[in-house]
Amino acid sequence: MKSVEEAKEIARRATRRIIRKTLGKYYLLWSTYPLVIGVLYILTPPSLLENPLPYILTLIPYLTLTSYFFMDMGKKLRRYKELIGWKSRRRVSLLIVLMLAGFVMLVLGYEPGFNYLLILGLSLYTSTVDYYIYYTASFARFRYYDLLTMVTFSISMFVWFLPLPYSEAPYLVMSVVWIFSGYSSLSEVIEDV
Amino acid sequence: MERIRELTTNPVLSNSARLGTLLSLYVANKLTFSDLLKITELPKSSLFAHLQVLEEAGLIRVRKQFTVSGPRTIAEITDKGRDTVKRYLDVLKQFQ
């Protein structure tokens, strides 16, 4: 039985590396988003600035890659949970449903100014994304840079969607922090980064 | 009880490092040799020997592959390896 426990410990280390690698790629991917949006904003003619379509289209490759990263990691995490006999699928499914509900509220409630649907959507979406990062990172040892990504993400979302001053500044900070977190995560698991 | 004895006395799976390597590959599907070195914390020669035993038993496949970072040795679990882990987990579940 001791050898089984030792073997499971080796599998746990493998799982940690897989999760950290996924988080690193996810952080690096989204660190470029504020920059891409910034460039898009500069290149868009003033008459089209109010049109949300280019920004929505820009989201598609980001969401596709994010889904790919997390679905692949999810499969591996489920196999690891099989090994340790952990059943928590329902909790993850509920979290994803709440995240999507928050996103829908955010889209429906989006209009200049404050409104309750927008604030509720923002709160639900950011808290579920943050919790998902926390939940995933906790399998790979939660690091201070995971916390930094969660904080910068939440602040950026609120400042971007609500009519608050200096809305671009947190996005730039988020970009830098996410590059740092992505680099730190990957340097934990990849040689010669 | 017989199935537990059969699995735990199986020379391929009786070693914790070898079993751990197989379980890691069950989770990840495939891993590079350098990943496995870090995960198992074994010396290169021991890991190589364990991989050879697992490969001879048909539980994994080891091959060279060209990646962005250069040529890498990749270990990948086979269908037989996956079935073996599943049977192992079933037996453990019954035992617990």
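Chain B appears in an unreviewed UniProt entry as Putative transcriptional regulator from Metallosphaera yellowstonensis MK1.

All names here are of chain A. With numbering matched to this structure, UniProt assigns "transmembrane region" (unreviewed entry) to residues 26-43, 55-71, 92-110, 116-137 and 144-163. Taken end to end, residues 26-43 comprises 94% helix and 0% strand; its first and last C-alpha atoms sit 26 Å apart. Overall, residues 55-71 shows 100% helix and 0% strand. The separation of its end C-alpha atoms is 24 Å.

Our next topic: the nonpolar core. Nonpolar side chains in soluble globular proteins tend to be buried together. Counting residues in each nonpolar core, the largest one holds 72 residues, and the members touching the most others are Y26, W30, L83, M157 and W178 of chain A together with L22 and V85 of chain B. The leading source of residues in this core is helix α1 (residues 2-31) of chain A, at twelve residues. For Y26 of chain A, the contacting residues outside a window of four places in its chain are T66, F69, F70, V129, I133 and W178 of chain A.

Time to look at the sheet that holds strand β3 (residues 70-77) of chain B. In a beta sheet, neighbouring strands pair by backbone hydrogen bonds and run either parallel or antiparallel. Residues and elements named next belong to chain B. If you trace the three strands from one edge of the open sheet to the other, you get β1-β3-β2, paired in antiparallel fashion. The outermost strands of the open sheet, each flanked by one partner alone, are β1 (30-32) and β2 (60-67). Across the sheet, the axes of successive neighbouring strands diverge by a mean angle of 30°, strand direction being ignored. Relative to β3, β1 runs antiparallel, the two sharing three bridges. Bridged to K30 within β3 is E76. Relative to β1, helix α3 (residues 33-40) is tilted by about 90°, and along the sheet it contacts β1 and β3.

For the rest of this paragraph, the subject is the environment of P170 of chain A. Residues and elements named next belong to chain A. Looking at the secondary structure, you find P170 in helix α7 (residues 168-189). Along the backbone, P170 and S156 are 14 residues apart, and their C-alpha atoms lie at a distance of 5.2 Å. With near-sequence residues (within four places) excluded, P170 lies in contact with I155, S156 and V159.

Residue and element names in this part refer to chain A. What the rule picks out here adds up to 19 aromatic pairs over all chains. Seen from their ring centres, Y27 and W178 are 5.4 Å apart, and the 75° between their planes marks the pair as edge-to-face. Highlighted residues: Y27 in helix α1 and W178 in helix α7, separated in sequence by 151 residues. Comparing Y27 with W178 shows no difference in burial state: the two are buried. Ring geometry for W30 and Y62: centres 5.1 Å apart, planes at 45°, overall tilted. Placement of the pair is W30 in helix α1 and Y62 in helix α3 (residues 53-84), with a sequence separation of 32 residues. Y62 carries the same exposure label as W30, and that label is buried.

On the chain B side, the residues contacting the 21 residues of chain A number 25 residues. With both chains or domains summed, chain A and chain B bury close to 2,000 Å², and 62% of this area falls on carbon and sulfur atoms. Across the contact surface, chain A and chain B share three salt bridges. In this structure, the salt-bridge partner of K21 of chain A is D35 of chain B, at a minimum N-O distance of 3.6 Å. Seen at the junction of chain A and chain B, the total is six residue pairs in polar contact (both at pLDDT 80 or more).

Turning our attention to unusual backbone geometry. Located in the positive-phi region is R141 of chain A, a residue other than glycine, with phi close to 70°. Topologically, R141 of chain A is positioned in the loop between α5 (116-139) and α6 (144-161). Given a relative accessible area of 46%, R141 of chain A falls into the partly exposed group. Phi at N29 of chain B takes a positive value of approximately 75°, unusual for a residue other than glycine. Along the polypeptide, N29 of chain B turns up in the loop between α2 (16-28) and β1. Judged by relative accessible area, N29 of chain B falls into the partly exposed class, the value being 26%.

Bringing the pairing of β2 of chain B into the picture now. Side-chain positions along a regular strand alternate between the two faces of the sheet. Residue and element names in this part refer to chain B. Pairing geometry for β2 and β3, over eight bridges, is antiparallel. By the bridge assignment for β3, Q65 is matched with R72. The loop that links β2 with its antiparallel partner β3 comprises two residues.

This paragraph deals with the pattern of salt bridges. Two side chains with opposite charge may pair up if their charged atoms get near one another. Applying the stated criterion across every chain, the model contains ten salt bridges over all chains. Among the salt bridges present, the one from R13 of chain A reaches E41 of chain B, with a minimum N-O distance of 3.9 Å. Here R13 of chain A, found in helix α1, pairs with E41 of chain B, found in the loop between α3 and α4 (44-56), and the two come from separate chains. The class for R13 of chain A is buried, based on a relative accessible area of 18%. Residues joined in a network through salt bridges with shared partners are E9, R12 and R13 of chain A together with E41 of chain B.

Calculation notes
- Every chain begins its residue count from 1, and numbering advances along the sequence as written.
- Numbering of ligands from 1 and lettering of chains from A proceed in the order in which they are written.
- Local features in a predicted model are, by the rule used here, given only for residues with pLDDT of at least 70; side-chain atom pairs are given and counted only at 80 or more, and totals for whole chains, interfaces and linings are based on all residues.
- Note that water and hydrogens are dropped before the side-chain values are worked out from all heavy atoms of the structure.
- UniProt positions are given in the numbering used here, feature names are shortened, and annotations may be inferred rather than shown by experiment.
- Every helix listed is a DSSP run of H or I at least four residues long, and every strand listed is a run of E at least two residues long, numbered separately from the N terminus.
- We define a nonpolar core as any set of buried Ala, Val, Leu, Ile, Met, Phe, Trp, Tyr and Cys residues linked to one another through side-chain atoms lying within 4.5 Å.
- Relative accessibility under 20% of the residue-type maximum defines a buried residue, over 50% an exposed one, and the middle range a partly exposed one, all with a 1.4 Å probe and only protein chains included.
- Between two residues, a contact is recorded if the distance between any of their heavy atoms is within 4.5 Å.
- One bridge is not enough; two strands pair if DSSP finds at least two bridges between them.
- Axis lines are fitted to C-alpha atoms, over the contacting stretch for helices. Their N-to-C directions set the angle, which ranges from 0 to 180 degrees.
- The pairing test for Phe, Tyr and Trp rings, Trp by its six-membered ring, is centres within 6.5 Å, and the orientation test on the planes gives stacked under 30 degrees, edge-to-face over 60, and tilted for anything in between.
- A 1.4 Å probe defines the accessible area here, and the buried area is the portion of it lost by two parts on being joined, summed over both.
- In what follows, salt bridge is the name for a side-chain nitrogen of Lys or Arg lying within 4 Å of a carboxyl oxygen of Asp or Glu.
- Polar contacts, as counted here, are pairs of nitrogen or oxygen atoms within 3.5 Å of one another; within protein the pair requires one atom able to donate a hydrogen and one able to accept it, and residues that are adjacent in sequence qualify only if both atoms are side-chain atoms.

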